Amino acid sequence: MLLTNNLGYPRVGAFRELKKANEAYWAKKSSVEELLEAAKKIREGNWKTQKDAGIDLIPSNDFSFYDQVLDLSLTVGAIPARYHSLLSKVDNNYSLDLYFAMARGFQQDGIDVTAMEMTKWLDTNYHYMVPEFTKDQQFKLTSEKFLNEYNEARSLGIETKPVLLGPITYLLIGKEKEAGFNRIDLLDRLIPVYEQILAKLAEAGAQYVQIDEPFLALDLDEKVKALYQPTFEKLAAAAKNIKLIATTYFEALKDNEDIAVNLPVHALHLDLVRGENQLDTVLPKVPASLTLSLGIVEGRNIWKNDYEKSLVKIKQAVDALGKDRVWIAPSSSLLHVPFDLDNEHNEQSLPAEVKNWLAFAKQKLAEVKDLAVLADGEVDAATAERFEANKAAAESRRTSPLIHRPEVKERTNNITDDDAKRTSPFAVRKAAQQAKFNLPAFPTTTIGSFPQTKDVRKWRADLKKGAITQEEYDKAIAEETENTIRLQEQLDIDVLVHGEFERNDMVEYFGEQLAGYAFTQNGWVQSYGSRCVKPPIIYGDVYRPKDMTVRWSSYAQSLTNRPVKGMLTGPVTILQWSFVRNDQPRSTTTYQIALAILDEVQALEKAGIKIIQIDEPAIREGLPLRKADQKDYLNWAVRAFRVSSSNVADDTQIHTHMCYSEFNNVIEDIAAMDADVITIETSRSQMKLLNAFAGDFKYPNDIGPGVYDIHSPRVPSKDEMVDLLRKAKAVVPAEQLWVNPDCGLKTRAWPETKAALESMVEAAKTLRAE
Ligand code: GLN
Ligand code: ZN
């Protein structure tokens, strides 16, 4: 019999119960007991769901109030010194207050400490709290969460498999907080804590422990490669009778195959979604003692599994190893998919036909079980029926006219190199644009959005509820837009924006207007802490049935003689922040979106919008994990952007915007996007970021390095901004420089926005005078 193995389950709750419980506790509106109770209920519900679904290896310690990496930092006592003053203040139940202080900062009782830094978990949209290490870092078992949760499940009659992030990956995802050492050298100090953890679990009776080592599927240097075997030998010795499961995901093992299959563990988990063909090379190497856990049901996306296809792979493994040494599993933790498709009931935004192609976390458990039964061969009537339904769903996806639009496919196939190239080189365009706009040196602009006040959000909510009419809503938006245009004129900003008051989330705004998109009501996925996102679903060929932004952009332009920027989201960002179809390459989907955006660019151009910004804040985060795959990605991502922005007149000025701080390895690709102007985030790094734009490779087009940080309500002085601009001028020729904030202003309030922009314009004028 093939066992079923689950790696992790979403923990915010089907209706974001944990988010609500956390936030009530933070706001001091509920007690710690209430929070602990809410968490307990979620864990219990999750375990029972998995048990009922027939999962054999059910995870525990995958629950987290905020982040599982932060849980581990607390467990191994990697608590940065700035929190030590809080140690005496924490409750001893779960050290919850200390924990939340590390997650969110702490300002109370005269203490003021910042939160730990947060960053994206590998190539997902989930953010973890980055472990901080010092040179003389010590580790000490500090929390028994892993044991408490194991025992809690057991008291409910459910045997679980505790999950631990492995020690090598844990160190590698962290950061040195001082110079003079390499964090991987802390491994010898860290392992004893893992040994203690495993000893405690062995004593408690745990039969399996899952050790996540996703780095084993990434590019590793020789030094790290050599650490895996001795590390796992120590863990295995401490684990005694526990069967360890070394767990990899998000990539194929590739050059690390030999290391992985020879680890002294009971089982090895492989991602067969990302590493589709790795069985071919792994199977011949598997020693007789090793079991393979096949990650065959996608843990990162929301599509139904294709049983027929999966069974071929499973058979390949069973033929080589026998049924007893093959487990069926999702490819990764199910943390990255929404909870339960059965909670979706809106036929309008998610048609029944599309819904029939989907599987959320709960449905994926059933798929894992079905596949195990089907592969085993003793198939009951209900499973056989589901197999038939699964085949029918797969067939309907291959052929449904809802998905397949021949004219979109044809247009995408026929994209030529000319479609991905502006007519003239930048220098020619720049002259034409200068003749047309006659902008001063150091032209000023903003990134697009202006404050989304309570009022603005209320209009949108009221319109949705039917509390106000479309006309009333439009009138309110028009007034807000007009006020914003007048304000920008008054401030003497050179290139204006309309303010984006009609938009909530940018990807949702475009997704709702594009064909090929569906939306969920409860498809929440944890992004960080209590923050969840509801990514739209691209299920079919994408095109633009009608204008999306022309109305508000041309309205804004009609109010002023200054140029107003059209404001669009770029194809790669739209792709990156959606659930993406898996029946064609990501690049194909991106090109389809690019053509839809191009149609909008041309419609704006026709409506008299002469400057158009296409935001691509997510282009860098789409970078594949393995170096060998990065060039190919950058090629099509950049080309897709160019397709969306190239078929325009020389004197139409294309802007793009990105707000992150890592350009070093991708600067030439960013330049290849060939936007006339790029605005970027730089103020928090004091313009250091510009080094990437002015190093050996000189960025050729215009740049607007953000001169103030919009993430804080603090109003910067004119002098600070003058100072930053001088720093910029020292590395980038003055003729190339624009003046703007770091990012959109939608999270700010009006008073600080006005004050900051006033100083910003003055700063630009000071530079002009120099
Ligand atoms: N134009 C968008 C805004 O100003 C850009 C948002 C972003 O960079 N994420 O809000
Ligand atoms: Zn931004």
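None of these values were measured; they are calculated from a predicted model.

## Focus: the coordination of the zinc ion (ligand 2)
And step 1. His657 (NE2), Cys659 (SG) and Cys743 (SG) make up the full set of protein donors to the zinc ion (ligand 2), lying at 2.0 to 2.3 Å.
And step 2. In this structure, the zinc ion (ligand 2) is surrounded by four donor atoms whose angles at the metal cover 93 to 123°, and the resulting shape is tetrahedral.
And step 3. A residue is classified by how much of its surface remains accessible, and His657, at 3% relative accessible area, is buried.

## Description of the pattern of salt bridges
And step 1. A full pass over the atoms with the stated rule returns 60 salt bridges.
And step 2. The salt bridge partner of Arg386 is Asp370, with a shortest N-O separation of 2.8 Å. Placement of Arg386 in helix H14 (residues 381–399) and of Asp370 in helix H13 (residues 361–376) is noted, with a sequence separation of 16 residues between them.
And step 3. Owing to a relative accessible area of 40%, Arg386 belongs among the partly exposed residues under this scheme.
And step 4. With relative accessibility at 3%, the residue Asp370 sits in the buried group.

## Regarding the packing of aromatic side chains
Centre-to-centre distance and the angle between the planes together describe a pair of aromatic rings.
And step 1. Inspection of every chain in the model, using the stated rule, returns 22 aromatic pairs.
And step 2. Between Phe133 and Phe139, the aromatic rings sit 6.1 Å apart at their centres with planes inclined by 70°, giving edge-to-face as the arrangement.
And step 3. Counting every residue linked through ring pairs, the aromatic cluster contains Tyr25, Trp26, Phe63, Phe65, Tyr66, Tyr99 and Phe100.
And step 4. Over the ring of Trp524 we find Lys534, and its NZ or CZ is 5.3 Å from the ring centre.
And step 5. The ring of Trp552 has Arg551 lying over it, and the distance from NZ or CZ to the ring centre is 4.5 Å.

## Quick look at the packing of helix H5 (residues 145–155) against helix H7 (residues 187–204)
And step 1. Where H5 meets H7, the closest approach of the two axes is 10 Å, and the angle between their N-to-C directions is 15°. Comparing their axes, H7 and H5 come out roughly parallel. As for the relative orientation of H5 and H7, their crossing is right-handed in sense. Contacts from Phe146, Leu147, Tyr150, Asn151 and Arg154 in H5 reach Ile197, Lys200, Leu201 and Ala204 in H7.
And step 2. A class-by-class count of the residues in the contact of H5 with H7 yields six nonpolar, one polar and two charged.

## With respect to empty space enclosed by the protein
And step 1. Under the counting rule described, the total for this entry stands at six cavities of 30 Å³ or more.
And step 2. Estimates place the volume of the largest cavity at around 350 Å³.
And step 3. Lining the largest cavity are 23 residues, with Asn61, Asp62, Gln68, Val163 and Asp212 sitting closest to its centre.
And step 4. Among the secondary structure elements, those contributing two or more residues to the lining of the largest cavity are helix H3 (68–75), H5 and strand S8 (160–165).
And step 5. Its residues placed into classes, the lining of the largest cavity shows 11 nonpolar, seven polar and five charged.
And step 6. Computed from the structure, the second largest cavity encloses a volume of approximately 70 Å³.
And step 7. Sorting elements by how many residues they give to the lining of the second largest cavity places helix H2 (residues 32–52) first, with five residues.
And step 8. Partitioning the lining of the second largest cavity into residue classes produces five nonpolar, two polar and three charged.

## Quick word on the site of ligand 1
And step 1. Ile447, Gly448, Ser449, Glu500, Met506, Met567, Asp615, Pro617, His657, Cys659, Cys743 and Gly744 make up every residue found near ligand 1.
And step 2. Ile447 places a polar main-chain atom, nitrogen or oxygen, 3.2 Å from a nitrogen atom of ligand 1.
And step 3. Its free accessible area being 300 Å², ligand 1 has 91% of it covered by the protein chains.
And step 4. Its residues assigned to classes, the shell around ligand 1 shows six nonpolar, four polar and two charged.

## Looking at helix H18 (residues 470–491)
And step 1. The end-to-end C-alpha separation of H18 is 31 Å, in line with the 32 Å expected for 22 residues at 1.5 Å each.
And step 2. Considered for burial, the residues of H18 that qualify are Tyr473, Asp474, Ala476, Ile477, Ala478, Glu480, Thr481, Thr484, Ile485, Leu487, Gln488 and Leu491.
And step 3. Those residues of H18 hidden inside the fold are in contact with helix H17 (454–465), helix H20 (550–558) and helix H27 (750–769).
And step 4. Positive phi appears at Asp492, one or two residues downstream of H18, with a value of about 70°.

Rules behind the numbers
- Residues numbered from 1 in each chain as written.
- Chains lettered and ligands numbered in written order.
- Predicted model: local features only at pLDDT ≥ 70, side-chain atom pairs only at ≥ 80, totals over all residues.
- Heavy atoms only, no water.
- Donors = N, O, S within 2.8 Å, 3.2 Å for Na, K, Ca; no water.
- Tetrahedral: all angles 85-135°; square planar, octahedral: opposite > 155°, others 65-115°.
- Buried < 20%, exposed > 50% of the residue type's maximum accessible area, 1.4 Å probe, protein only.
- Salt bridge = Lys/Arg side-chain N within 4 Å of Asp/Glu carboxyl O.
- Helix = DSSP H or I, 4+ residues; strand = E, 2+ residues; numbered from the N terminus.
- Phe/Tyr/Trp six-rings, centres within 6.5 Å; stacked < 30°, edge-to-face > 60°.
- Lys NZ or Arg CZ within 6 Å of the ring centre and 35° of its normal.
- Axes fitted to C-alpha atoms, helices over the stretch in contact; angles between N-to-C directions.
- Parallel < 35°, antiparallel > 145°, perpendicular 65-115°, else oblique.
- Left-handed = near helix turned anticlockwise from the far one by under 90°.
- Contact = heavy atoms within 4.5 Å.
- Nonpolar A, V, L, I, M, F, W, Y, C, P; charged D, E, K, R; others polar.
- 1 Å grid on protein atoms, 1.4 Å probe; cavity = no way out; pocket = protein on both sides within 12 Å on 5 of 7 lines; lining within 4 Å.
- Points joined across faces, edges and corners; volume = space filled by probe spheres on them.
- Near = heavy atom within 4 Å.
- Polar contact = N/O pair within 3.5 Å; in protein donor to acceptor, adjacent residues only side chain to side chain.
- Areas by Shrake-Rupley, 256 points an atom, 1.4 Å probe, with all protein chains shown as cover.
- Expected span 1.5 Å × (residues − 1).

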